Amino acid sequence: MADTLEFNPEHLLSHKFPETTYSYTERDAALYALGVGACARDAVDADELKYVYHENGQKSIKVLPTFAALFSLASMPNGFGLPGLKYDPRLLLHGQQYIELYKPFPSGGHIQNKVSLAGLYDKGKAAILEIETRSYEKESGDLLCMNRMTVYLRGAGGFSKSSHPFSYSNYPKNQVLAVKIPKTPPFAVFEDCTQPSQACSALLYRLSGDYNPLHSDPIIAKVAGFSKPILHGLCTLGFAVRAIIKCICRGDPIMIKSITGRFLLHVYPGETLITEMWLTDRRVIYQAKVKERNRTVLSGYVDLSHMTSSL
Ligand SMILES: CCCCCCC[C@@H](O)CC(=O)SCCNC(=O)CCNC(=O)[C@H](O)C(C)(C)COP(=O)(O)OP(=O)(O)OC[C@H]1O[C@@H](n2cnc3c(N)ncnc32)[C@H](O)[C@@H]1OP(=O)(O)O
């Protein structure tokens, strides 16, 4: 019998993920919006009040498209306790997130998640694991969104049995392209001011369902190699996409069709994020930098369903 304590890619590949359910209300959607900085600069922001309040008599609040990412975490309620997978959870980092959106989210509802393994790679010093989650609205049965979450498991590589590094993926390589940042000046730049309360952003964001202690516990953060707790990758992604909705979509979240983001470097809560955007046809290439360290922490692109007439 194979040793289940060893990293065993074959066990992992044959694993059948159980379907999971997730329910949310307007309160969850509003809490999420606050966690990614909506209305933090201006409590009556004309583009963002709709994410937290029934503005102008609207029947329900609007849901940010990056809220979709919460379904991918919710679809793994027991974390990555998977057969054949051996790693130190304290060394896990979020590497990438890819989201396809098929329908605007209702302000509350019940979701059915179908989960599968999308990729597994041996990078020597690390293993890379990709989990795909398709999320359906329970009532209508409609597919709402697809998430592909890439996690970077430091120290878990070197499991390949042959001299060729193990590599498995179930999706076309050209679905997510490497990002080339244009040399031209950005079309738009958005800076999220540091405010005293922003230092708590990781503590606020975790209430949306990612309770990884890396974002709140100074001892765990040190074990993971950081001087203090770091921000959730999905929080940084939420800030960047919110900036794109504001600057390019004229505040209309429904224009976002898909989102790709690669986390290049950690962010400390309280740092200032500058999102730079380049518009090429219906694609927004973006990068987010931490102003205080002048380092790029996230890059990717967002595809739009259509353009606004004013652009
Ligand atoms: C249910 C549980 C759910 C849990 C999900 C989410 C939990 C969250 O709470 C966790 C978080 O939010 S962590 C915070 C967000 N993430 C980060 O801060 C990571 C930032 N990135 C890094 O530090 C480095 O890029 C780092 C460390 C990722 C990589 O840097 P290096 O080790 O220097 O890598 P490098 O030598 O350049 O490349 C090695 C191979 O890996 C590929 N790669 C690199 N960065 C990647 C990334 N970000 N995503 C995916 N793949 C990546 C490279 O392509 C390379 O492969 P190859 O040699 O084949 O090109």
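Within any chain, residue numbers begin from 1 and follow the written order of that chain's sequence. Local features in this predicted model are restricted to residues of pLDDT 70 or higher, and side-chain atom pairs are both shown and tallied only at a pLDDT of 80 or more, whereas totals for entire chains, interfaces and linings draw on every residue. Heavy atoms from the whole structure form the basis of all side-chain values; hydrogens and water molecules are not counted.

**Side note on the overall build of the protein**
Thought 1: Each helix and strand in the protein was counted, giving 6 helices and 11 strands.
Thought 2: For the radius of gyration, the atoms used are the C-alpha atoms, and the globule rule reads 2.2 Å times the number of residues raised to 0.38. A globule of 311 residues ought to have a C-alpha radius of gyration of about 19 Å, and the protein, at 19 Å, matches this closely.
Thought 3: For the C-alpha atoms alone, the extent of the protein along its principal axes is close to 65 × 45 × 40 Å.
Thought 4: A simple rule labels every residue: compare its accessible area, found with a 1.4 Å probe on the protein chains alone, to the largest value its type can have, and call it buried under 20%, exposed over 50%, or partly exposed in between. Expressed as a percentage of the 311 residues in the protein, the buried residues total 50%.
Thought 5: When the accessible surface of the protein is split by element, carbon and sulfur atoms take 55% of a total near 14,600 Å².
Thought 6: Here the protein contributes 34 positive and 29 negative side-chain charges, whose respective centroids are spaced 5 Å apart. A helix here means a DSSP run of H or I that spans at least four residues, while a strand means a run of E at least two residues long, and both kinds are numbered starting from the N terminus. In this description, accessible areas are obtained by the Shrake-Rupley approach with a 1.4 Å probe, and a residue is regarded as covered only by the protein chains that are shown. Lys and Arg are tallied as positive, Asp and Glu as negative. Neither His nor the chain termini are counted. Think of each charge as sitting on NZ of Lys, CZ of Arg, CG of Asp or CD of Glu.

**Overview of the pattern of salt bridges**
Thought 1: Take a side-chain nitrogen of Lys or Arg and a carboxyl oxygen of Asp or Glu: if they are within 4 Å of each other, that pair is a salt bridge. All told, the structure shown has 13 salt bridges when counted by the stated rule.
Thought 2: Measuring nitrogen to oxygen at the nearest pair gives 3.5 Å for the salt bridge that ties Arg 134 to Glu 132.
Thought 3: Using a relative accessible area of 28% as the deciding quantity, one classes Arg 134 as partly exposed.
Thought 4: For Glu 276, the salt bridge is made with Lys 289, and the minimal N-O distance between the two is 3.7 Å. Pair noted here: Glu 276 is in strand E9 (residues 273–280) and Lys 289 is in strand E10 (residues 283–290), with a separation of 13 residues, a long-range link.
Thought 5: Taken together, the shared-partner salt bridges in this structure form one network comprising Asp 45, Asp 47 and Lys 246.

**Considering the confidence of the model for the protein**
Thought 1: A residue's pLDDT is simply how confident the predictor is in it, with values from 0 to 100. Looking at the protein, pLDDT values average 92 and 95% of them are 70 or higher.
Thought 2: With a pTM of 0.95, the predicted complex shows an ipTM of 0.98.

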